Amino acid sequence: QVQLVESGGGLVQAGGSLRLSCSASGRTFSSLAMGWFRQAPGKEREFVAAISRISTRIVYGDSVQGRSTISRDNAKNTVYLQINSLKPEDTAVYYCAAANSVYLPSEYNYWGQGTQVTVSS
């Protein structure tokens, strides 16, 4: 079993930056592929980014391509999402997810509780 806890969300003005963190416990972190998703009010869940076990494969969703960076520190059991040039449409609850996958997964097995990101105009 894996437990995921997100942190780093908050209120930020448009054009600013945030770094979200997700700490994992319950099993060997380095065995997990990790991903970030977000869901805004009234909208479907949206893929943001994913990273493989040793960071050899990384992919971003179209909405954050070019202004976000996903990274991980396996020694700290933590995955990060840096978002720059924030826009009001980035406002959402951001979720961390994990999968028992060598490479990038199509399905995720574990989910965090989410952290709220609000971007003001």
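Chemist: Honestly, the state of the cysteines in this entry has me stumped. Any pointers?
Modeler: When the sulfur atoms of two cysteines share a covalent bond, that bond is a disulfide. What the rule picks out here adds up to 1 disulfide. Covalently, Cys22 is tied to Cys96 through a disulfide, its sulfur atoms 2.1 Å apart. Across the disulfide from Cys22 to Cys96, rotation about the S-S bond amounts to roughly -80°, and the bridge is consequently left-handed. Here Cys22, found in strand β3 (residues 18-25), pairs with Cys96, found in strand β9 (residues 92-99); they are 74 residues apart in sequence, far enough to count as distant. The class of Cys22 is buried, set by a relative accessible area of 0%.

Chemist: Before we go on, may I ask you to explain the packing of aromatic side chains in this structure?
Modeler: To describe a pair of aromatic rings, one takes the distance between the centres and the angle between the planes. Within this structure, the stated rule accounts for 4 aromatic pairs. Relative to Phe47, the ring of Phe37 has its centre 5.5 Å away and its plane inclined at 70°; by these criteria the two rings are edge-to-face. Of this pair, Phe37 sits in strand β4 (residues 33-39) while Phe47 is found in strand β5 (residues 46-51), placing the two residues 10 residues apart along the sequence. Looking at Phe47, the relative accessible area reads 26%, which means it is partly exposed. Measuring from centroid to centroid gives 5.0 Å for Phe37 and Trp111, while their planes differ by 50°, and the two rings are tilted. In this pair, Phe37 sits in strand β4 while Trp111 sits in strand β10 (residues 110-111), placing the two residues 74 residues apart along the sequence. The buried category is assigned to Phe37, whose relative accessible area is 8%. Residue classification places Trp111 among the partly exposed residues on the basis of a relative accessible area of 32%. The residue whose ring lies beneath Arg45 is Phe37, and the NZ or CZ to ring-centre distance is 5.0 Å.

Chemist: For this particular structure, what's the right way to read unusual backbone geometry?
Modeler: Comment: phi is negative for the bulk of residues other than glycine, and the bulk of peptide bonds are trans. The phi angle at Ser55 is positive, at roughly 65°, despite the residue not being glycine. With respect to the secondary-structure elements, Ser55 resides in the loop between β5 and β6 (58-60). Positive phi is not limited to glycine here, since Ser85 has a value of about 50°. Along the polypeptide, Ser85 turns up in the loop between β8 (78-83) and β9.

Chemist: Would you explain the side chain of Thr115 in this entry?
Modeler: Relative to the elements of secondary structure, Thr115 occurs in strand β11 (residues 115-120). Setting aside residues up to four positions removed in sequence, Thr115 forms contacts with Glu6, Ser7, Gly8, Gly9, Leu20, Ala92, Val93 and Tyr94.

Chemist: Where do I start with the side chain of Ser52 in this structure?
Modeler: Relative to the helices and strands, Ser52 is located in the loop between β5 and β6. Classification of Ser52 by relative accessible area gives buried; the value is 0%. Among the polar contacts listed, one links the side chain of Ser52 to the backbone nitrogen of Thr56, at a separation of 3.3 Å. Each residue touching Ser52, except ones within four places of it in the same chain, is listed here: Ala33, Arg57, Arg72, Val102, Tyr103 and Leu104.

Reading the values: rules and limits
- Residues numbered from 1 in each chain as written.
- Predicted model: local features only at pLDDT ≥ 70, side-chain atom pairs only at ≥ 80, totals over all residues.
- Heavy atoms only, no water.
- Disulfide = S-S within 2.5 Å.
- Helix = DSSP H or I, 4+ residues; strand = E, 2+ residues; numbered from the N terminus.
- Buried < 20%, exposed > 50% of the residue type's maximum accessible area, 1.4 Å probe, protein only.
- Phe/Tyr/Trp six-rings, centres within 6.5 Å; stacked < 30°, edge-to-face > 60°.
- Lys NZ or Arg CZ within 6 Å of the ring centre and 35° of its normal.
- Contact = heavy atoms within 4.5 Å.
- Polar contact = N/O pair within 3.5 Å; in protein donor to acceptor, adjacent residues only side chain to side chain.

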